[in-house]
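Chain and residue survey
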Amino acid sequence: MPQFSYKALATNGTVSTGEVEASDRSEALRVLDKRGLQPVTVKESAKFLTKKETAKPKPRESVSDKTEVSADGTIKLKRAEVILFTEELSDMIGAGLQLEPALKSMEMRQELGSLKDVSRRIREIVRDGVNFSVALKKVSPSFGPLYCSLAAAGEASGALDTILKRQAYYLKTLAELQSKLILAMIYPSFLILMGLGVGVVFVTLLIPQLSELIKNTPGGKLPWAINGLMYIADFIKTWWVVILLLVIGGSLFFKAWKDNEENRPTWDKMKLKIPLIGAVIASRFYVQFLETMANLVGNGLPLLRALELSRDATQNLAIRKNLNDVIAQVGDGRAFSKAMIRSESFPPLLIDMIAVGEQTGKIDLSLRRAAERYDKELNKDIQRIMALIMPAVLIFMALLIGTFAYLMITAIFQTMSNLR
């Protein structure tokens, strides 16, 4: 039977090393658990590894039938499952459990489905001394780089439960926003499709018939607007395949351009300047950045280290560049608020609130208040966008149908006038 060398922590806090016989690594871990040892590393002894065993491919880990496993062995999760995992883990850690026992408790719960397999894999990786954030990346791509960066920040500050709780709130808010947006867009989308359908009927059926009737009428003359519209309709009928290919090619080119690493900073900067949408992106960044900074600084991390971890959790490269400038200045000994002023990239209100925190020595409270303020601003921006969708669609419909109706009525009255 193979032997496994281990390094583990005893209940009294001492480090214990030795070897244990087991059929596989999982059984070795169970044996150590029964002995009351907390494993740090468990590896199969080199003298028991034969060439045949080394050449054998590693057997695929058993997972439940409902778990969706990708080709590279990682587990795909739905957003609802990521939210549930985050909430459960943050509640357990907040209640006083250590990370590994919390993951083990989630692994034993029957109702969690595929999250059991995720929890088991993460726990096995964490047991070998790997950071929780790294284990998340290895087990499932569904957590994403932002999630993993925030988890790393939580580990560094000792506020993992708080970071996870905030991330769960953020993911739920994002899911609710998408649901509201989809529901809000159903009726406007129906109206837009109906309007485009009416426009197609006007251009392809009614206006050509009216044009033919006017041309055959003595003294009939088509207005220039209808002539132009008919020319555009004929052009689209003739070259619609080329137009479709150009649209598809342009879309693919744009996607390739924005996905290129060299162009990402430019695209991220452009997104911040989009009307309405740019304000939402900026507000969401401030909320995430300030909450993370408040948790890190409040748990005793130095300001410079907190800034570095918060920067790593920022996905927008244009904003990350601004943070790099601030970090460089803070590293040279400049005050945080002064560095933000010199970067010329942050709103004055935010700088003033941080300056007050520096003067009072309670910068974490100032950061948290600023985060709450920008959270309210974010909700206002989102509500503003939702409120503008329906009026914009109605105006578009009125302009589209009204233009066609005006052209037809104008052509009819002009023809009647010529007949008189």
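Residues numbered from 1 in each chain as written. Predicted model: local features only at pLDDT ≥ 70, side-chain atom pairs only at ≥ 80, totals over all residues. Heavy atoms only, no water.

1. Observations regarding the overall build of the protein
- Counting secondary structure elements, the protein contains 16 helices and five strands.
- Among the 420 residues that make up the protein, the fraction classed as buried is 38%.
- A separation of at least 24 residues holds for 59% of the contacts in the protein among residues at least 6 apart in sequence.
- About 24,500 Å² of surface is accessible on the protein, with carbon and sulfur atoms providing 61% of the total. (Helix = DSSP H or I, 4+ residues; strand = E, 2+ residues; numbered from the N terminus. Buried < 20%, exposed > 50% of the residue type's maximum accessible area, 1.4 Å probe, protein only. Contact = heavy atoms within 4.5 Å. Areas by Shrake-Rupley, 256 points an atom, 1.4 Å probe, with all protein chains shown as cover.)

2. Some remarks on the pattern of salt bridges
- Considering all chains together, one arrives at 12 salt bridges under this definition.
- Connected via shared salt-bridge partners are E100, R123 and R127. (Salt bridge = Lys/Arg side-chain N within 4 Å of Asp/Glu carboxyl O.)

3. Examining the packing of aromatic side chains
- A full pass over the atoms with the stated rule returns six aromatic pairs.
- The interplanar angle of 45 degrees and the centroid separation of 5.0 Å between the aromatic rings of Y286 and Y374 together place this pair among those described as tilted. On the criterion of sequence distance, the pair formed by Y286 in helix α11 (residues 277–298) and Y374 in helix α16 (residues 363–419) is long-range, its members being 88 residues apart.
- For Y286, a relative accessible area of 10% gives the class buried. (Phe/Tyr/Trp six-rings, centres within 6.5 Å; stacked < 30°, edge-to-face > 60°.)

4. Brief notes about the confidence of the model for the protein
- Per-chain confidence: the protein averages 78 in pLDDT, with 87% of residues scoring 70 or above.
- Note that residues 49–61 has pLDDT below 50 and, in this model, eight contacts with residues that lie over four places away or in other chains. (pLDDT = per-residue confidence, 0-100.)

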